[in-house]
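Structural overview
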Amino acid sequence: MSRTGSDYLASLRDGRAVYINGERIDNHVDHPAFRNAVQTVAGMYDYQAQNQELMTFRSPGNGKQVNLAWQLPSSQEDLVRRGEAHLAWARLTGGWIGRSPDHVPAALVGMMIGIELLENYDPARAKALRDYYAYARDNDLALTYTIVNPQGDRSRNVGDQGNKYHSLGVVDEDAEGITVRGAKMLGTSAVLAQECLVGVQNPLRPEDDMYALSFAVPLAQKGVKILSRRSYEQSASSAFDYPLATRFDENDALIYFDDVKIPWERVFIYRRPELCGALFHQTAAEQMMNLQSQARFTVKLQFLLGVARRLTETTGTVNFPAVQDTLGRLAGQAMAVEGNFRAMMLDPTQRGEFYVPKASRVYSATSAGQSLYPEFVNDIRGLAGGGVIMLPSSVEDFGNPEIVEMIEATQRSAATDPLGRVKLMKLAWDALGSEFGSRHTQYEMFYSGPPFVQHMRCFGNYDWNASTAMVDNILSDVSLEASLGARK
Ligand SMILES: Cc1cc2nc3c(=O)[nH]c(=O)nc-3n(C[C@H](O)[C@H](O)[C@H](O)COP(=O)(O)OP(=O)(O)OC[C@H]3O[C@@H](n4cnc5c(N)ncnc54)[C@H](O)[C@@H]3O)c2cc1C
């Protein structure tokens, strides 16, 4: 039997420390800042339980049906199957939940595929990662990760921020494990996850070894403090006014570690700066986790195309050639994203006995997505005009017959009735321009790391030889002497 929504809900009731709006809250699962998003993810687990053939495989550890994101792909078919499972989950939310519980398992699977990185450094740390992967897989845990140090002053090194423990670092070690203190930035979905994988993607110098750590920790562990950003779910006035923010606000939080004890069995990297970034880009972690990201991104662009189409039908512009030019261009871009995602599954590379997406495709997808998304959203805003602003102040207006009469008279549409127009425009604004929608632009621009890093990964992984060989081939045919001779 696979995990259900109620299993998931029970697992989140763990007494963790969540801080929001000036207070520490006791029960985040039922709190108005988070409860709908929690229910959304519970619905994903119910879907998984009802669609086990599509969504799960039998864990070799305990024989339970667990999400396919935990599977190490032994064939291209395995990769396709997991990609289809990612797509199916993403479709449940229109791609609006970025850090759904199939993302971090994919990173762990990629680390397992490249486990020799840790084996070569310290077999005990490699064993810790293997054991954690097996434990998390067998329990189909919902995980998040925090792998970036808080922004602070990026012109200074990690230990030079005016507070030794601005970024998470080690305080102490003993026979049981290590004690850590400091912060990690933006655990997306921390309120939706049971545990957190911690690492470092920022560059570290050899002397920054006290910050060079990777481990896993339950979010309810003593000393782990989840500092939530503003909740868009809570600030949304109603589901009518904010149909996306009220159900898909996955939340982002700064995680502060207030002298948290981590047992050695959960420490994967200890004081080894050169391994921290490598754990993600020298293993297959980034390749595997970004298959999920690109499945979700594919679905999100398809959702936005639906918004664009309905918008232009509603405003009566859909048949204008210039509008079709824009819609067609957007559809082409969404198809190209889907094409790249499918190529990641269908044209993989082999690493040992496993199949993983090619790194060159993965980084081209992440870097292209970072610049495509803001433009895509902006183009749809261009199609929307002021219709997404010319709206009743809230659902309450529909409770006043005097205002309803004016809404009926003024919210005319080429394709629907006034109520239908208002509903669509409110959804469009939530997707494109509300605080929720705007956060998504920032998410797509940064979740995979800063753009300049993605560009460097593209530079490093592109097959330059195939390109330069064609150029060199032509150049080798060009002869100064022959050309001069031909002119005489
Ligand atoms: C909505 C959202 C959700 C996120 N969720 C998570 C999460 O779940 N887990 C997690 O670990 N992280 C998460 N992040 C953090 C994300 O990984 C970082 O935002 C990203 O790595 C960039 O780091 P930064 O924000 O500190 O920006 P910076 O590193 O400060 O970069 C910002 C900009 O400054 C410039 N810049 C900075 N340094 C350089 C340089 N050396 N050379 C040239 N230009 C430079 C570039 O223009 C760059 O785009 C999330 C971020 C967002 C916005």
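Structural notes, computed from the coordinates. Small disclaimer: the values here were computed from a predicted structure and weren't measured. (Residues numbered from 1 in each chain as written. Predicted model: local features only at pLDDT ≥ 70, side-chain atom pairs only at ≥ 80, totals over all residues. Heavy atoms only, no water.)

Quick notes on the overall build of the protein
Spelled out, the test is: The secondary structure listing takes helices from DSSP runs of H or I that are at least 4 residues long and strands from runs of E that are at least 2 residues long, numbered from the N terminus. Based on C-alpha atoms, the radius of gyration is set beside the globule rule, defined as 2.2 Å times the residue count to the power 0.38. Buried, partly exposed and exposed residues are distinguished by accessible area as a fraction of the type maximum, computed with a 1.4 Å probe on protein chains only: under 20%, between the cut-offs, and over 50%, respectively.
Scanning the protein from terminus to terminus reveals 20 helices and 14 strands. Its C-alpha atoms give the protein a radius of gyration of 25 Å, within 12% of the compact-globule value 23 Å for 488 residues. Principal-axis analysis of the C-alpha atoms places the extent of the protein at approximately 90 × 75 × 50 Å. Here the protein holds 488 residues, and 54% of them are scored as buried.

What about unusual backbone geometry?
Excluding glycine, residues mostly carry a negative phi; peptide bonds, for their part, are mostly trans. Although it is not a glycine, asparagine 251 adopts a positive phi angle of roughly 70°. Mapped onto the elements, asparagine 251 comes out in the loop between α9 (245-248) and β11 (253-263). The backbone phi angle of arginine 271 is positive, close to 60°, even though this residue is not glycine. By secondary structure assignment, the location of arginine 271 is in the loop between β12 (267-270) and α10 (273-276).

A word on helix α17 (residues 435-446)
Definition in use: Expected span of a helix: the number of residues minus one, times 1.5 Å. The criterion used for residue contact is that any of the two residues' heavy atoms lie within 4.5 Å.
For α17, built from twelve residues, the straight-helix expectation of 16 Å at 1.5 Å per residue is met to within 8% by its first-to-last C-alpha distance of 16 Å. Listing the buried residues of α17 in full gives Phe436, Gly437, Arg439, His440, Thr441, Tyr443 and Glu444. Tucked inside the fold, the buried residues of α17 contact α8 (232-235), α9, α12 (285-314), α14 (359-384) and α16 (418-432).

Section: the pairing of strand β10 (residues 224-228)
Keep this limit in mind: Strands are labelled as partners when DSSP assigns at least two bridges between them.
The alternating pattern of β10 places Val224, Ile226 and Ser228 on a buried face and Lys225 and Leu227 on a face that is not buried. Pairing of strand β1 (residues 17-20) with β10, which is carried by three bridges, proceeds in the parallel orientation. By the bridge assignment for β10, valine 18 is matched with isoleucine 226. Bridge analysis of β10 against β11 gives five bridges, and the strand direction is antiparallel. Looking at the pairing, isoleucine 226 lines up with isoleucine 255 of β11.

Details of the environment of alanine 216
When you line up the elements, alanine 216 lands in strand β9 (residues 213-218). For alanine 216 and histidine 28, which are 188 residues apart along the polypeptide, the C-alpha to C-alpha distance reads 21 Å.

Comments concerning empty space enclosed by the protein
Counted only if it meets this: Any residue with an atom within 4 Å of a point lines the site, the site being either a cavity, points on a 1 Å grid over the protein atoms alone where a 1.4 Å probe fits but cannot get out, or a pocket, an open set with protein on both sides within 12 Å along at least 5 of 7 lines. Grid points are joined across faces, edges and corners, and a volume is the space filled by probe spheres set on the points. Residue polarity follows a fixed list, in which Ala, Val, Leu, Ile, Met, Phe, Trp, Tyr, Cys and Pro are nonpolar, Asp, Glu, Lys and Arg are charged, and the others, Gly among them, are polar.
Tallied over the full model, the rule gives two cavities of 30 Å³ or more. Contributing to the lining of the largest cavity are Tyr8, Val41, Arg99, Pro101, Ala142, Leu143, Ser189, Leu192 and Ala193. In terms of residue class, the lining of the largest cavity is built from seven nonpolar, one polar and one charged. Within this model, the second largest cavity holds a volume of roughly 30 Å³. Forming the boundary of the second largest cavity are Gln294, Phe297, Ala365, Thr366, Gly369, Gln370, Glu444 and Tyr447. Among the elements of the structure, α12 and α14 are those that each provide at least two residues to the lining of the second largest cavity. If one sorts the elements of the lining of the second largest cavity by residue count, α14 sits on top with four residues. Residue composition of the lining of the second largest cavity, grouped by class: three nonpolar, four polar and one charged.

Brief notes about the packing of helix α5 (residues 104-113) against α12
Convention followed: Axis lines are fitted to C-alpha atoms, over the contacting stretch for helices. Their N-to-C directions set the angle, which ranges from 0 to 180 degrees. Oblique is the label for every angle not falling under 35 degrees (roughly parallel), over 145 degrees (roughly antiparallel), or within 65 to 115 degrees (roughly perpendicular). Handedness of each helix crossing follows the sense of rotation of the near helix against the far helix: counterclockwise by less than a right angle gives left-handed, clockwise gives right-handed.
Between α5 and α12, whose axes approach to 7 Å, the crossing angle comes to 155°. As judged from the angle between their axes, α5 and α12 are roughly antiparallel. Note that α5 runs across α12; the crossing there is right-handed. Of the residues in α12, those in contact with Ala106, Ala107, Val109, Gly110 and Met111 of α5 are Ala285, Met288 and Met289. Among the residues making up the contact of α5 with α12, the classes are represented as seven nonpolar, one polar and no charged.

Looking at a negative patch on the surface
Put simply, the rule reads: Patches here: salt-bridge-free residues with over 30% relative accessible area, like charges joined within 9 Å, nonpolar side chains (Val, Leu, Ile, Met, Phe, Trp, Tyr) joined within 5 Å. The method behind every accessible area is Shrake-Rupley, applied with a 1.4 Å probe, and residues are considered shielded solely by the protein chains displayed. For salt bridges, the criterion is a side-chain nitrogen of Lys or Arg within 4 Å of an Asp or Glu carboxyl oxygen. When charges are counted, Lys and Arg are positive and Asp and Glu negative, with His and the chain ends excluded. Here the site of a charge means NZ on Lys, CZ on Arg, CG on Asp, or CD on Glu.
On the surface, Glu402, Glu405, Glu408 and Asp417 cluster together to form a negatively charged patch. Tracing the backbone shows glutamate 405 in helix α15 (residues 401-410). Owing to a relative accessible area of 60%, glutamate 405 belongs among the exposed residues under this scheme.

Here's the deal with the nonpolar core
Rules: To form a nonpolar core, buried Ala, Val, Leu, Ile, Met, Phe, Trp, Tyr and Cys residues must be joined to one another through side-chain atoms within 4.5 Å.
Residues Tyr8, Leu108, Ile178, Val180, Phe215, Val217 and Phe257 are the most contacted members of the largest nonpolar core, which totals 106 residues. Considering each element in turn, this core owes the most residues, eight residues, to α5. When near neighbours in sequence (up to four residues on either side) are disregarded, phenylalanine 215 contacts Leu168, Val180, Cys196, Leu197, Val198, Phe257, Ile262, Arg266, Val267 and Phe268. Membership of the second largest hydrophobic core comes to 35 residues, among which are Tyr232, Ala245, Leu311 and Ile380.

A look at the packing of aromatic side chains
The following threshold applies: Paired rings are identified among Phe, Tyr and Trp, the last through its six-membered ring, by centres lying within 6.5 Å, and are further divided according to the angle between planes into stacked (under 30 degrees), edge-to-face (over 60) and tilted (the rest). Charges are assigned to positions over rings by a cutoff of 6 Å between ring centre and Lys NZ or Arg CZ, combined with an angular limit of 35 degrees from the ring normal.
A full pass over the atoms with the stated rule returns 15 aromatic pairs. Ring geometry for tyrosine 45 versus tryptophan 89: centroids 5.5 Å apart, planes at 90°, classification edge-to-face. Here the residue tyrosine 45 occupies a position in helix α2 (residues 35-50), and tryptophan 89 occupies one in helix α4 (residues 76-92), the gap between them amounting to 44 residues. On the basis of relative accessible area, tyrosine 45 is assigned to the buried category, the value being 0%. Chaining the aromatic ring pairs together yields one cluster made of Tyr8, Tyr45 and Trp89. If you follow arginine 3 out to its NZ or CZ, it ends over the ring of tyrosine 45, 5.0 Å from the centre. Directly above the ring of tyrosine 447 sits arginine 296, whose terminal nitrogen or CZ lies 5.6 Å from the centroid.

Here's the deal with the sheet that holds β11
Each strand in a sheet pairs with another by means of backbone hydrogen bonds, the pair being arranged parallel or else antiparallel. As summarised here, the arrangement of the six strands in space is β2-β1-β10-β11-β7-β6, forming an open sheet in which the pairing is mixed. The sheet terminates laterally at β2 (23-25) and β6 (169-173), the two strands that pair on one side only. Adjacent strand axes in the sheet meet at a mean angle of 20°, parallel and antiparallel pairs treated alike.

Note that every value here comes from positions in space, so none of it alone points to a role or purpose.
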